[in-house]
Protein chains: 2
Amino acid sequence: MAAPRKSNRSAAPARDASAATAAPRAIAEQLERHGVRPSAQRVAIASYVLGTEDHPSADQVWARVKERFPMVSRATVYNTLRHFTEKGLLRELVLAEGRQVFDPVVEPHHHFVDDETGAIRDIPWNALKVAKIDELEGLDVREYMVVVRGVARGARKG
Amino acid sequence: MAAPRKSNRSAAPARDASAATAAPRAIAEQLERHGVRPSAQRVAIASYVLGTEDHPSADQVWARVKERFPMVSRATVYNTLRHFTEKGLLRELVLAEGRQVFDPVVEPHHHFVDDETGAIRDIPWNALKVAKIDELEGLDVREYMVVVRGVARGARKG
DNA sequence: CCGAAAGTTGGACTTAGTCTAAAACTGTCA
DNA sequence: TGACAGTTTTAGACTAAGTCCAACTTTCGG
Ligand SMILES: [Mn+2]
Ligand SMILES: [Mn+2]
Ligand SMILES: [Zn+2]
Ligand SMILES: [Zn+2]
């Protein structure tokens, strides 16, 4: 269900690098559409976390946001991430040892955890197919994902 | 891979209830077979954690073991669980918010997380089938599991 | 028995995350 | 504009999970 678009990876604006930060106006509007009042802090946090492919932890978000907005407090970042999550702008995932991380891709998809670097990557929904989910006895399934662990075979030579 | 046996659930002695504790002698032998010296503390810890179906956290193991062995220290429980994990007697899983838990079923299998109670249940390996894992580009897959979330439809009326 | 190695212990320490109460903003309306 | 209420942010206290450590105890080989 939930018609995952066919994107192979990054059908989105392909942000990811450090100097992310989409137009603040667009971000403010995105927040408003989800019922979140766009304060300065919230826009600063959103401009990183809603655009990343990194699955960052809360403290990683804090560190990133402080670069551009040094006086933002930890409580604000934690509150805001929770708020975004409640409003459906983010998902919170718990995939690996001591890392609860946030994911701006709220549509169903799978995940790959690199055992060497700890990096988490998205796997598009229809890159994999899970059979027999509907045959599970006595379980009311709300959602599921495949968690794949291994190492990324580096295509980083040439 | 890793030829998961066909067990539907609990092909093992079906322990689970509180008064678990299989024969201490058998447990000591199991530890030795895995290269773990069977001290009194380790046998006490093993006799709970190697037989449970509960996926307990480290502190839950501590609480349980203290009932029968009140002077055991927290450090010992944490050390021992790590030791067991290194020796392949346990796996450590991170599936849900603030819960890294231990699993005595080290063969590949899937998991169900009850969103209401937080309980984690095993799903036998061939109750589900994941297709196209081998087609993932650039990833060296070491293991994978399906994580299913939902609620257990209570068969608890009659 | 002895000494070395392995195991255990309580408590200090660390880190992620939550909570709180006060301060700062924001929007509304007189 | 000025007052007010509601909302947001803030620093720092607090909590809980987990690690580390140095001292103590047990085990084992000789
Ligand atoms: Mn751990
Ligand atoms: Mn959280
Ligand atoms: Zn993701
Ligand atoms: Zn399991």
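This text goes with the structure placed above it.
Below, the structure is looked at part by part.

Analysis parameters
- Residues numbered from 1 in each chain as written.
- Chains lettered and ligands numbered in written order.
- Predicted model: local features only at pLDDT ≥ 70, side-chain atom pairs only at ≥ 80, totals over all residues.
- Heavy atoms only, no water.
- Contact = heavy atoms within 4.5 Å.
- Buried area = accessible area lost by both parts, 1.4 Å probe.
- Salt bridge = Lys/Arg side-chain N within 4 Å of Asp/Glu carboxyl O.
- Polar contact = N/O pair within 3.5 Å; in protein donor to acceptor, adjacent residues only side chain to side chain.
- Helix = DSSP H or I, 4+ residues; strand = E, 2+ residues; numbered from the N terminus.
- Donors = N, O, S within 2.8 Å, 3.2 Å for Na, K, Ca; no water.
- Buried < 20%, exposed > 50% of the residue type's maximum accessible area, 1.4 Å probe, protein only.
- Least-squares fit on C-alpha atoms with pLDDT ≥ 70 in both.

1. A few points about the interface of chain A and chain B
Contacts between chain A and chain B engage 36 residues on the former and 36 residues on the latter. Both faces considered, chain A and chain B share a buried interface measuring about 3,200 Å² in area, 53% of it formed by carbon and sulfur atoms. Taken together, the connections running from chain A to chain B amount to four salt bridges. Between Asp140 of chain A and Arg153 of chain B there is a salt bridge, with its nearest N and O atoms 3.7 Å apart. Summed over the shared surface of chain A and chain B, the number is 16 residue pairs in polar contact (both at pLDDT 80 or more). Residue assignment for the side of chain A that touches chain B shows that the elements contributing at least two residues are strand S1 (91–96), strand S4 (120–123), strand S5 (129–131) and strand S6 (139–152) of chain A.

2. Focus: the coordination of the zinc ion (ligand 3)
Residues and elements named next belong to chain A. Of the protein atoms, only His55 (NE2), Asp103 (OD), His109 (NE2), His111 (NE2) and Asp122 (OD) coordinate the zinc ion (ligand 3), at distances of 1.9 to 2.3 Å. In primary-sequence terms, the residues that donate to the zinc ion (ligand 3) follow H-x47-D-x5-H-x1-H-x10-D. Of the two residues, His109 is situated in the loop between strand S2 (99–103) and strand S3 (110–114) and Asp122 in strand S4; the sequence distance between them amounts to 13 residues. In terms of burial, His109 and Asp122 fall into one category: buried.

3. Focus: the relation of the copies chain A and chain B
Note on the identical chains: chain A maps onto chain B by a rotation of 180 degrees and an axial translation of 0.0 Å, with an RMSD of 0.0 Å. Both chain copies can therefore be described as sitting about a two-fold axis.

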